Structure formats: C-alpha cells, structure tokens
Amino acid sequence: MESISPSLLLTPPFQSKNGLNLVFDASLLQQQPNLPTQFLWPHEDTSYAAAADELNDPPVDLAGFFHGDRGLINSTAAQIRTACSNHGFFQVVNHGVDLALVRAAHQHMDAFFSLPLRRKLAVGRQPGGLRGYSGAHADRFSSKLPWKETFSVTYKHAPAPAPAPALDVVNYIKRGVGQDFEESGYVLQRYCEAMHELSMAIFELLAISLGLEQLQCREFFEGGCSVMRGNNYPPCKEAGLTLGTGPHSDPNALTLLHQDEVGGLEIFADNKWRAIRPCREAFVVNIGDTFMALCNGRYKSCLHRAVVNKERVRRSLVFFVNPNEDKVVRPPGRLLGPTAPARLYPDFTWSDLRDFTQNHYRADTCTLQHFVSWLSNKTQHYSLP
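Please read all numbers here as calculations on a predicted model, not as lab measurements.

Undergrad: Would you mind going over the packing of helix H4 (residues 70-86) against helix H8 (residues 182-209) in detail, with residue names and values included?
TA: It is the contact of H4 with H8, at a shortest axis distance of 8 Å, that shows an interaxial angle of 80°. As summarised for this structure, H4 and H8 are arranged roughly perpendicular, according to the angle between their axes. Across from Arg70, Ile73, Asn74, Thr76, Ala77, Ile80, Arg81 and Cys84 in H4, the residues of H8 making contact are Leu205, Leu206, Ile208 and Ser209. Counted by class, the contact of H4 with H8 contains 7 nonpolar, 3 polar and 2 charged residues.

Right under this line is the structure:
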C-alpha cells in the first residue's frame, strides 16, 4: 500500500483526528487553476466510454421470485447465470423495496454531505475501520485520489427470535453525527434492513443458478456484517483527468447500488468500458471477489469504475454484503469434484480479506490474486518453527 504523505495539503490546515492535514474540500479545490496532481489518474484508467457504449442487458425482474412462480424463478436464475458468467453484473426491478424509502435515504445522505467540513471530519473513518466519513480517501492514500467523499455505516442483521432489531445504525449516527440526525439514523437503519432482505433473495437466486440448494448461499451469508455507504461526487471542471472511483473489483461478496439520475457508473464488459444508464426503479447488483472465490470462479467479480461530471453532483447509495468474519470461504461440495475445475483459490476468512484491503492493499483489478499471494506468505511465515 502506498504511504500517506503528511505534507499533502488539499485545503487550508485542519488538524484531523489522526493528526494529518488531509481533507477534501471540493469548493476550494475547484477554485485552483489546475487539478492537483494527487487527483490525476493514468489515461488508460480515465479513457471514457463512448455514448453508444451503454450496456443494454435487460434488467432481472424479481416479481416471479417473490410470487413463488417456479417457472419464472428458474428463468430468472438462468438470466442471472448468464450475466454473472459474462461480467458479474445485472440490475433488478420489482425488487420489493419501497422507492419512497430509497428517496428518503438519498435525502438524508445529502443532508450529511451538506454539513460543514469540520462536523463531517468529527466522524472521520479511523484507520482500518469500515464506518465514518472519508474525503477522497486522503486518510489512506497519497496519489490517484478519487474525486468524492463518502460516509459509511455498518449493519448486522438480528435474525429471529431476537426480540427487536439492533439499532446499530441509529445509535452510531446519533453518537457520531449528533442528536439532530436521529431521524437520518432511523431512515438509514430501515434502508439497511431492506437491502439485507433484498440481498438474501438474490443469494437464493444465485444458489439456484449455480445448481445449489436454494437456501445454501443465504444461510452462508446470514448474520454477516454489511456496510452501507453514501457516495458524493462533486462536479469537476477537469473530469477527464480524474475519477470518482478507480477501476476495481469489490472485495466483498455482493454489492447493491442505487445511483441517481446523473449517471457515471461504468463496467468493463466485452473488452471495453460500458456505461450503466440510471434507472430510478432498479438496483445495480454486482458480484465481488469473495463470491467469485466461493463459487470457484464460475462467476466473475465485476470490474467497474465511476466517472465524474463537469457540471452536476452525482450521488449513489451502496450496500456491501459480507459473510461473518470467521466464515471460511470455500466452494460448496457440489461445485467441486472430478468433473469440476480445480480449486482456484485457497480457503480464507472474510476477516483476512478485509484486513488485507484495509491495511495492506488498495482494491484494484487484481485484488484477489494479490490477496492469495499475501495469504500464502502470511501462512508460511506463521508456520515456521
């Protein structure tokens, strides 16, 4: 992982919790005559998709699944199988999530990003942590900074027979952001609960598509700790030189994203970058590295990026689904055997991969390959007499 330069100063001095003057203030950055070099990305990363290069795969309709129509369930699973085998990406409609809740979640995230910088930094993400505010990830990196700010919360579902859901999102936001954001906490808590239920339904369809028992993937991921993140991409007058998020595959298992009408999400399919046209009624779903390892490479971890707009702010809501920390990621027996491909990845736990990406390696296009090498070296080190 690249080191952070304490002398990097993106705005006038502000002493953050970790003692570094590394903060992202887009309004001040936009007044500079040139884009700071810390935000410059290589041309091969920023080459834009042409207007005609949209991905036109039809969305996956979940109505048949929720109505229990076995014929539609099988055809839906087949559609997912094709998408995940080709590029690891699809969109879902008729997903059962209240669009009023989605709008409310966007509005409350907007309210947070509209806060004064000092107040956002007061709930800054700690090194190695998964929740809190981050401006351009400048607390972690010193080059190829993304042109965005994020706010993340963690969510752990409390399955029955728990007497009541744990209000971890509500309590975190009340403590960190303030009592005046209590309503935001409840809205984002409900949004996380809705995303959890949707992700479990998708895991059932993924299991069917792989020829597994319908509940097998759901049971594996039930009880894991997920991360819900709001992304705020301010306008950038030199948008062609930077990125909101660089090319990467998500290290987690599954990602559910809702983007606003501005657009900017692109995936790499058929050897070119393809734009994903925003659809208010749809959620974007993509496979991450953990699920690719779990299915022994049958499905691809989706390579994607986010571009920024010269004139308009872009926002998105993301829900990252992970297994429990101590779950061993190992392909089910049905995906192994004499007629199946050889094992592509060793056993690992989500906590190992999370530690790798948070403390040792910046997620990119080759995260899983480098993680396997790191894990092998780590295992050999600890096995020495």
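Undergrad: How would you explain the layout of surface pockets if you had to name every residue and give the values?
TA: Its boundaries defined by the atoms lining it, the largest pocket holds a volume of some 920 Å³. What lines the largest pocket is a set of 43 residues, among which Arg229, Thr245, His248, Asp250 and Ala363 lie closest to the centre. Mapped by element, the contributors of at least two residues to the lining of the largest pocket are strand E5 (225-233), strand E6 (245-249), strand E7 (254-259), strand E10 (283-287), strand E11 (303-306), strand E12 (314-321) and helix H11 (350-359). Tallied by class, residues from the lining of the largest pocket come to 16 nonpolar, 14 polar and 13 charged.

Undergrad: Explain the pairing of strand E8 (residues 265-269) residue by residue, including any values.
TA: When you tally the buried positions in E8, you get 4 out of 5 residues, the bulk of the element. As paired elements, E8 and E11 share 3 bridges and run antiparallel to each other. Looking across to E11, one finds that isoleucine 267 is bridged to histidine 304. Examined bridge by bridge, E8 and strand E9 (residues 272-275) share 4 bridges and lie antiparallel to one another. Across the sheet, phenylalanine 268 pairs through a bridge with tryptophan 273, a residue of E9. Count of turn residues in the E8/E9 antiparallel hairpin: 2 residues, of which aspartate 270 carries a positive phi of about 55°.

Undergrad: Describe helix H5 (residues 99-113), listing the residues and the values that go with them.
TA: Spanning 15 residues, H5 covers 21 Å between terminal C-alpha atoms, matching the ideal 21 Å at 1.5 Å per step. For H5, the full list of buried residues reads Leu101, Val102, Ala104, Ala105, His106, His108, Met109, Phe112 and Phe113.

Undergrad: Any chance you could break down the environment of glutamate 281 for me, citing the residues and the numbers?
TA: Among the secondary structure elements, glutamate 281 is positioned in the loop between E9 and E10. Placed 179 residues apart in sequence, glutamate 281 and valine 102 show a C-alpha to C-alpha distance of 9.6 Å. Glutamate 281 has contacts with Val92, Val93, His95 and Leu99, leaving out every residue within four places of it along the chain.

Undergrad: Tell me what's going on with the pattern of salt bridges, and back it up with residues and numbers.
TA: Scanning the entire structure with this criterion turns up 17 salt bridges. The closest approach of N and O atoms between glutamate 222 and arginine 218, which form a salt bridge, is 3.6 Å. For arginine 218, a relative accessible area of 21% translates into the label partly exposed. Arginine 274 is the salt-bridge partner of aspartate 270, the closest N and O atoms lying 3.7 Å from each other. What makes aspartate 270 exposed here is its relative accessible area of 58%. Several salt bridges share partner residues, and in doing so they unite Glu197, Glu204, Arg218 and Glu222 into one network.

Cut-off values and rules
- Residues numbered from 1 in each chain as written.
- Predicted model: local features only at pLDDT ≥ 70, side-chain atom pairs only at ≥ 80, totals over all residues.
- Heavy atoms only, no water.
- Axes fitted to C-alpha atoms, helices over the stretch in contact; angles between N-to-C directions.
- Helix = DSSP H or I, 4+ residues; strand = E, 2+ residues; numbered from the N terminus.
- Parallel < 35°, antiparallel > 145°, perpendicular 65-115°, else oblique.
- Contact = heavy atoms within 4.5 Å.
- Nonpolar A, V, L, I, M, F, W, Y, C, P; charged D, E, K, R; others polar.
- 1 Å grid on protein atoms, 1.4 Å probe; cavity = no way out; pocket = protein on both sides within 12 Å on 5 of 7 lines; lining within 4 Å.
- Points joined across faces, edges and corners; volume = space filled by probe spheres on them.
- Buried < 20%, exposed > 50% of the residue type's maximum accessible area, 1.4 Å probe, protein only.
- Pairing = 2+ DSSP bridges.
- Expected span 1.5 Å × (residues − 1).
- Salt bridge = Lys/Arg side-chain N within 4 Å of Asp/Glu carboxyl O.

No statement about biological role is implied by the geometric values presented.
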